[in-house]
Amino acid sequence: RAKMEGRGTWRFFEPAMDASLQRRRAIELDLREAMVKDEFSLFYQPLYDLHLDRICGFEALLRWHHPKRGLVPPDQFIPIAEEIGLIGPLGEWVLNRACEQATTWPSEMKLAVNVSAVQFRDADFTDVVVGALATSKLSPRRLELEITESVFLANSNETLATLHKLKAQGVRIALDDFGTGYSSLSYLRSFPFDKLKIDKSFVRDATATHGSKSIVRAVISLGRSLGMTTIAEGIETVEQLDHMRAEGCNEAQGFLFSHPVPVTEIAAKILELRNGFKPASVKAMAS
Ligand code: C2E
Ligand code: MG
Ligand code: MG
Ligand code: MG
């Protein structure tokens with residue numbers, strides 16, 4: 001299309017396209033070696049139970065420590081890993097490592113692991129999950145797999161079969177970024193998810209705009225009537241937390257409680273959040 005817009009336009013776009021394409025190629029090459037070079041790690045962000053008023057688990061979040069680029073965020077390399085066929089082995093590494101680490105936590109702590117739609121569609125995905133549980137001896141009840149609505153874009157019969165197999169293993173399934181996908185709500189009718197994760201874009205606006213507030217209220221009530229728990233992601237302010245609690249949301253997660261932390265800080269986070277949560281400003285006033 002750039003060509004049809006004339007030579008001037010073409011020349012105008014070329015350097016930018018070139019730079020991003022080059023960056024992509026470079027990331028692609030490095031990504032193929034990153035696993036053998038041990039450049040990945042998992043960070044963990046607390047999940048907070050609003051009814052029990054205590055920490056109830058962690059979500060594993062993948063980090064790539066690139067020797068030259070520094071920390072590359074997952075949004076920038078996971079889509080590439082999916083395209084070049086690396087998400088299978090990478091996702092397997094995540095599952096194995098996360099399950100192994102979670103066995104050292106108190107047994108009431110759940111582990112949430114993100115699963116890419118491409119990884120989910122691999123014929124051996126269920127075996128990978130079963131393998132990670134068997135090797136680590138983590139109770140399947142403690143594992144929650146986070147998938148997005150995009151898994152339903154392709155063959156829904158296979159998707160449902162995989163979901164049922166996982167559920168039969170005792171693993172829980174959460175729908176991540178709920179409300180941002182393209183698909184219709186019909187998949188909620190065809191499969192009993194355990195949890196809906198209300199996307200942070202709705203959470204952010206719920207205390208400001210009427211539209212988001214109504215959506216949050218509707219999702220929580222939808223979840224409740226379908227027997228699914230709800231979690232609000234991206235909680236950054238006390239106001240958002242109070243709002244979600246008042247709306248009857250079951251769990252919350254966000255920078256207000258904690259940023260994702262390396263594995264070495266997990267024990268401290270559990271100590272800090274196991275007897276309730278005091279916002280930093282309140283803590284400062286108390287001391
Ligand atoms: P997600 O699963 O929806 O994870 C939540 C993202 O929101 C994380 O970004 C987290 O750091 C960020 N976040 C948490 N609390 C807050 C908050 O209060 N405010 C804001 N603005 N952001 C918050 P992160 O770690 O960069 O991950 C981005 C996405 O990358 C994840 O979104 C997930 O889709 C994907 N991802 C991360 N780790 C993995 C993985 O191991 N496998 C796969 N397939 N995808 C992963
Ligand atoms: Mg997630
Ligand atoms: Mg999310
Ligand atoms: Mg997301």
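What you are looking at is a predicted structure, and each value in this text was computed from that prediction instead of being measured.

Definitions and cut-offs
Residues numbered from 1 in each chain as written. Chains lettered and ligands numbered in written order. Predicted model: local features only at pLDDT ≥ 70, side-chain atom pairs only at ≥ 80, totals over all residues. Heavy atoms only, no water. Phe/Tyr/Trp six-rings, centres within 6.5 Å; stacked < 30°, edge-to-face > 60°. Helix = DSSP H or I, 4+ residues; strand = E, 2+ residues; numbered from the N terminus. Buried < 20%, exposed > 50% of the residue type's maximum accessible area, 1.4 Å probe, protein only. Donors = N, O, S within 2.8 Å, 3.2 Å for Na, K, Ca; no water. Near = heavy atom within 4 Å. Polar contact = N/O pair within 3.5 Å; in protein donor to acceptor, adjacent residues only side chain to side chain. Areas by Shrake-Rupley, 256 points an atom, 1.4 Å probe, with all protein chains shown as cover. 1 Å grid on protein atoms, 1.4 Å probe; cavity = no way out; pocket = protein on both sides within 12 Å on 5 of 7 lines; lining within 4 Å. Sits in = over half its atoms within 2 Å of the grid points. Nonpolar A, V, L, I, M, F, W, Y, C, P; charged D, E, K, R; others polar. Axes fitted to C-alpha atoms, helices over the stretch in contact; angles between N-to-C directions. Parallel < 35°, antiparallel > 145°, perpendicular 65-115°, else oblique. Left-handed = near helix turned anticlockwise from the far one by under 90°. Contact = heavy atoms within 4.5 Å. Core = buried A, V, L, I, M, F, W, Y, C linked by side-chain atoms within 4.5 Å. Expected span 1.5 Å × (residues − 1). pLDDT = per-residue confidence, 0-100. Pairing = 2+ DSSP bridges.

**Section: the packing of aromatic side chains**
So, point 1. Per the stated rule, a full pass over the model turns up 15 aromatic pairs.
So, point 2. Ring centres of Tyr 48 and Phe 257 lie 4.7 Å apart, and the angle between their planes is 20°; this geometry places the pair in the stacked category. Taken together, the residues span a long stretch of sequence, with Tyr 48 in strand S1 (residues 40-49) and Phe 257 in the loop between strand S9 (251-252) and strand S10 (261-262) at a distance of 209 residues.
So, point 3. Residue class for Tyr 48 comes out buried when judged on its relative accessible area of 1%.
So, point 4. For Phe 257, a relative accessible area of 5% corresponds to the buried category.
So, point 5. An aromatic cluster is present here, built from Phe 40, Trp 64, Phe 77 and Trp 93 joined pairwise through their rings.

**Structural notes on the environment of Leu 133**
So, point 1. The topology assignment puts Leu 133 in helix H5 (residues 125-136).
So, point 2. On the accessibility criterion, Leu 133 (8% relative accessible area) is buried.
So, point 3. C-alpha separation for the pair Leu 133 and Gln 169, spaced 36 residues apart in sequence, amounts to 9.8 Å.

**Here we look at the coordination of the magnesium ion (ligand 2)**
So, point 1. Taken together, the protein donors to the magnesium ion (ligand 2) comprise Glu 59 (OE), Asn 114 (OD1), Glu 146 (OE) and Asp 176 (OD), at separations of 2.0 to 2.2 Å.
So, point 2. Glu 146 gets classed as buried once you look at its relative accessible area, which sits at 2%.

**With respect to the site of ligand 1**
So, point 1. Contacts to ligand 1 come from 23 residues, most closely from Arg 63, Asn 114, Asp 176, Glu 236 and Phe 255.
So, point 2. Here an oxygen atom of ligand 1 sits 3.1 Å away from a polar atom, N or O, in the side chain of Glu 59.
So, point 3. In the model, an oxygen atom of ligand 1 is placed 3.1 Å from a nitrogen or oxygen of the Asp 177 side chain.
So, point 4. Contact with the protein chains removes 84% of the 800 Å² of surface that ligand 1 exposes when unbound.
So, point 5. Taken atom by atom, the bulk of ligand 1 overlaps the largest pocket.
So, point 6. Taken together, the elements giving at least two residues each to the shell around ligand 1 come down to strand S2 (54-66), helix H2 (74-83) and strand S6 (172-178).
So, point 7. For the shell around ligand 1, the element with the highest residue contribution is S2, accounting for 4 residues.
So, point 8. Of the residues that constitute the shell around ligand 1, the class distribution is 9 nonpolar, 5 polar and 9 charged.

**Some words on the packing of H5 against helix H6 (residues 156-168)**
So, point 1. At a closest axis distance of 10 Å, the pairing of H5 and H6 adopts a crossing angle of 15°. When the axis of H5 is compared with that of H6, the two are roughly parallel. Taken as a pair, H5 and H6 cross one another with a handedness that is right-handed. For the pair H5 and H6, the contacting residues are Phe 125, Thr 126 and Val 129 in the first and Thr 162, Lys 165 and Leu 166 in the second.
So, point 2. Class assignment of the residues belonging to the contact of H5 with H6 gives a composition of 3 nonpolar, 2 polar and 1 charged.

**Things to note about the nonpolar core**
So, point 1. The biggest cluster of nonpolar side chains holds 77 residues, and the ones touching the most others in it are Leu 111, Leu 143, Leu 145 and Phe 193.
So, point 2. Element by element, the count of residues in this core is highest for helix H3 (residues 87-102), at 8 residues.

**Examining H3**
So, point 1. Between its first and last C-alpha atoms H3 spans 22 Å; for 16 residues at 1.5 Å apiece the expected length is 22 Å, and the two agree.
So, point 2. Buried within H3 we find Ile 87, Gly 88, Leu 90, Gly 91, Trp 93, Val 94, Leu 95, Ala 98, Cys 99, Gln 101 and Ala 102.

**Side note on the packing of H3 against H5**
So, point 1. H5 packs onto H3 with a crossing angle of 25° between their chain directions and a minimal axis gap of 9 Å. With respect to H5, the axis of H3 lies roughly parallel. Between H3 and H5 the crossing geometry is right-handed. Residues Glu 92, Leu 95, Asn 96, Cys 99 and Glu 100 of H3 lie in contact with H5, whose contacting residues are Phe 125, Val 128, Val 129, Ala 132, Leu 133 and Ser 136.
So, point 2. For the contact of H3 with H5, the class distribution of residues is 7 nonpolar, 2 polar and 2 charged.

**Quick word on the confidence of the model for the protein chain**
Low-pLDDT portions of the prediction should not be read for the details of their coordinates.
So, point 1. Per-residue pLDDT for the protein chain has a mean of 91; in total, 91% of the residues score no lower than 70.
So, point 2. The ipTM for the predicted assembly is 0.98, set against a pTM of 0.92.

**Let's talk about unusual backbone geometry**
Working note: non-glycine residues mostly have negative phi, and peptide bonds are mostly trans.
So, point 1. Its identity is not glycine, yet Lys 137 carries a phi of approximately 65°, on the positive side.
So, point 2. By secondary structure assignment, the location of Lys 137 is in the loop between H5 and strand S5 (143-147).
So, point 3. One non-glycine residue, Asp 177, lies in positive phi territory at about 50°.
So, point 4. Looking at the secondary structure, you find Asp 177 in strand S6.

**Some points on the pairing of S2**
So, point 1. Of all the 13 residues making up S2, 11 are buried; the element is thus mostly covered by neighbouring parts of the structure.
So, point 2. Where S1 lies against S2, 10 bridges are found, and the strand directions are antiparallel. Among the inter-strand pairings, Phe 43 is bridged to a residue of S2, identified as Leu 61.
So, point 3. Here S1 folds back onto S2, and the loop between the two strands holds 4 residues, one of which, Asp 53, carries a positive phi near 55°.
So, point 4. Sheet topology places S2 next to strand S4 (residues 110-114); 4 bridges connect them, and they run parallel. Bridge pairing links Glu 59 to Ala 112 in S4.

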